[in-house]
Amino acid sequence: MTSTRISQVVATSRPRTTGVRQFLDLEQQRDWIEGKVDLPDAGDRLESLEQRFKYVARFEKLLSRPQAGEVLEILGLYGPNCIPILRKTERYYWSVSCLPSTSDKPLVRVNASWMELFTLYAQGEDIRARFIMHLSDFTTDRSATPSRVDEPFLEQSVALPDHVSYFFPRGADIFGINVRGSVSIRKFLTSRRVLRAIRTFNLTHMNRGRNAYQASHCYSVADYMQAD
């Protein structure tokens, strides 16, 4: 990814006080995307006890599912690697919901602004994941052209080629990737190119302002996403 592409993501016409620009300047965001820096985070989490207790029952229900262990371990990889300054931005710039009441019946979903970032579902007793990212980060020529999807790269990024599929959500330069199985999800999250793409997309939406899903944030699930 070129520095120009990254600059376009983190520098928009919106005021610099929007989103995580309040905490990270352009250079810090660019270096984080490229994995060149570990960003200093807040020492403590700002937490609402009322909000925590609101979703305790759902969290206990999640723990009773056979997929719970894998879900929480995957979130432990995703959180510190894919979301900048986790504690400082928790709930207000990103959130994670537990067993959200939507028709697709997810186990957990991570959101920022108005956008879904990452979702985990049951797949038998295993899990599958859905990632939403920029299409241009997964094409052979870095264009937002659906016919240019780099399918060989996607297949190499998982344990078995049939563990990955993709789709095109509505919106410009939006790309959806489905990954089946916890082994393949872990491998996908360790790809340097994939990680850059996830970080770029997540920052794009965290920079758009306050998270619209604050009321759905589950602190009990978020505990497993914290770097420490």
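Here the structure is a predicted model, which is why all the values come from computation and not from measurement.

Criteria and cut-off values
- Residues numbered from 1 in each chain as written.
- Predicted model: local features only at pLDDT ≥ 70, side-chain atom pairs only at ≥ 80, totals over all residues.
- Heavy atoms only, no water.
- Helix = DSSP H or I, 4+ residues; strand = E, 2+ residues; numbered from the N terminus.
- Buried < 20%, exposed > 50% of the residue type's maximum accessible area, 1.4 Å probe, protein only.
- Areas by Shrake-Rupley, 256 points an atom, 1.4 Å probe, with all protein chains shown as cover.
- Contact = heavy atoms within 4.5 Å.
- Polar contact = N/O pair within 3.5 Å; in protein donor to acceptor, adjacent residues only side chain to side chain.
- Pairing = 2+ DSSP bridges.
- Axes fitted to C-alpha atoms, helices over the stretch in contact; angles between N-to-C directions.
- Nonpolar A, V, L, I, M, F, W, Y, C, P; charged D, E, K, R; others polar.
- Expected span 1.5 Å × (residues − 1).
- Salt bridge = Lys/Arg side-chain N within 4 Å of Asp/Glu carboxyl O.
- 1 Å grid on protein atoms, 1.4 Å probe; cavity = no way out; pocket = protein on both sides within 12 Å on 5 of 7 lines; lining within 4 Å.
- Points joined across faces, edges and corners; volume = space filled by probe spheres on them.

This next bit is on the overall build of the protein chain. The helix and strand tally for the protein chain stands at 10 helices and six strands. For the C-alpha atoms alone, the extent of the protein chain along its principal axes is close to 45 × 45 × 30 Å. Among the 228 residues that make up the protein chain, the fraction classed as buried is 52%. Roughly 10800 Å² of accessible area belongs to the protein chain as shown, and the carbon and sulfur atoms make up 49% of that amount.

What follows deals with the environment of histidine 163. With respect to the secondary-structure elements, histidine 163 resides in the loop between α7 (151-156) and β5 (164-167). Owing to a relative accessible area of 16%, histidine 163 belongs among the buried residues under this scheme. Measuring from C-alpha to C-alpha, the distance between histidine 163 and valine 179 comes to 5.6 Å, with 16 residues separating the pair along the chain. Not counting the four nearest positions on each side in its chain, histidine 163 is found in contact with Val158, Asn178, Val179, Arg180 and Ser184. In terms of polar contacts, histidine 163 uses its side chain to reach the side chain of serine 184, at 2.6 Å.

Here the focus is the pairing of strand β6 (residues 175-180). The side chains of a regular strand alternate between the sheet's two faces. Pairing geometry for strand β4 (residues 126-133) and β6, over six bridges, is antiparallel. Within the sheet, the bridge partner assigned to arginine 130 lies in β6 and is asparagine 178. Here four bridges tie β5 to β6, and the two strands are oriented antiparallel to one another. Bridge pairing links phenylalanine 167 to glycine 176 in β6.

To continue, consider the packing of helix α2 (residues 26-33) against helix α9 (residues 192-206). Following both chains from N to C, one finds α2 and α9 inclined at 145°, their axes separated by 9 Å at the closest point. Along the contact surface, α2 presents Gln29, Trp32 and Ile33, while α9 presents Arg196, Arg199, Thr200 and Leu203. Its residues assigned to classes, the contact of α2 with α9 shows three nonpolar, two polar and two charged.

Let us now look at α9. Its 15 residues place the ends of α9 21 Å apart at the C-alpha level, agreeing with the 21 Å of an ideal helix rising 1.5 Å per residue. In terms of residue burial, α9 counts as a mostly covered element, since 14 of its 15 residues are buried.

Moving on to the sheet that holds β4. Strand order in this open sheet of six strands is β1-β2-β3-β4-β6-β5, and the pairing throughout is antiparallel. Two strands bound the open sheet, and with one partner strand each, they are β1 (95-98) and β5. Shown here is a sheet whose adjacent strand axes are inclined to one another by a mean of 20°, direction ignored. Where strand β3 (residues 115-123) meets β4, six bridges bridge the pair, whose relative direction is antiparallel. Within the sheet, the bridge partner assigned to alanine 122 lies in β4 and is isoleucine 127.

Time to look at the pattern of salt bridges. Tallying each qualifying case throughout the model produces 13 salt bridges. In this structure, aspartate 141 and arginine 148 form a salt bridge, with 3.6 Å as the shortest nitrogen-oxygen distance. Classification of aspartate 141 as partly exposed rests on a relative accessible area of 41%. Judged by its relative accessible area of 43%, arginine 148 falls in the partly exposed class. A salt bridge links arginine 180 to aspartate 162, with the nearest nitrogen and oxygen atoms 3.6 Å apart. Linking arginine 180 in strand β6 with aspartate 162 in the loop between α7 and β5, this pair joins segments that are 18 residues apart in sequence. Arginine 180 sits in the partly exposed class, given a relative accessible area of 33%. Each of Arg45, Glu47, Arg52, Glu90 and Asp223 takes part in a single network of salt bridges with overlapping partners.

Okay, the layout of surface pockets next. Taken as a whole, the largest pocket encloses approximately 220 Å³ of empty space. Contributing to the lining of the largest pocket are 14 residues, with Trp32, Leu39, Pro80, Ile83 and Ile85 lying nearest its centre. Split into classes, the residues belonging to the lining of the largest pocket amount to nine nonpolar, one polar and four charged.

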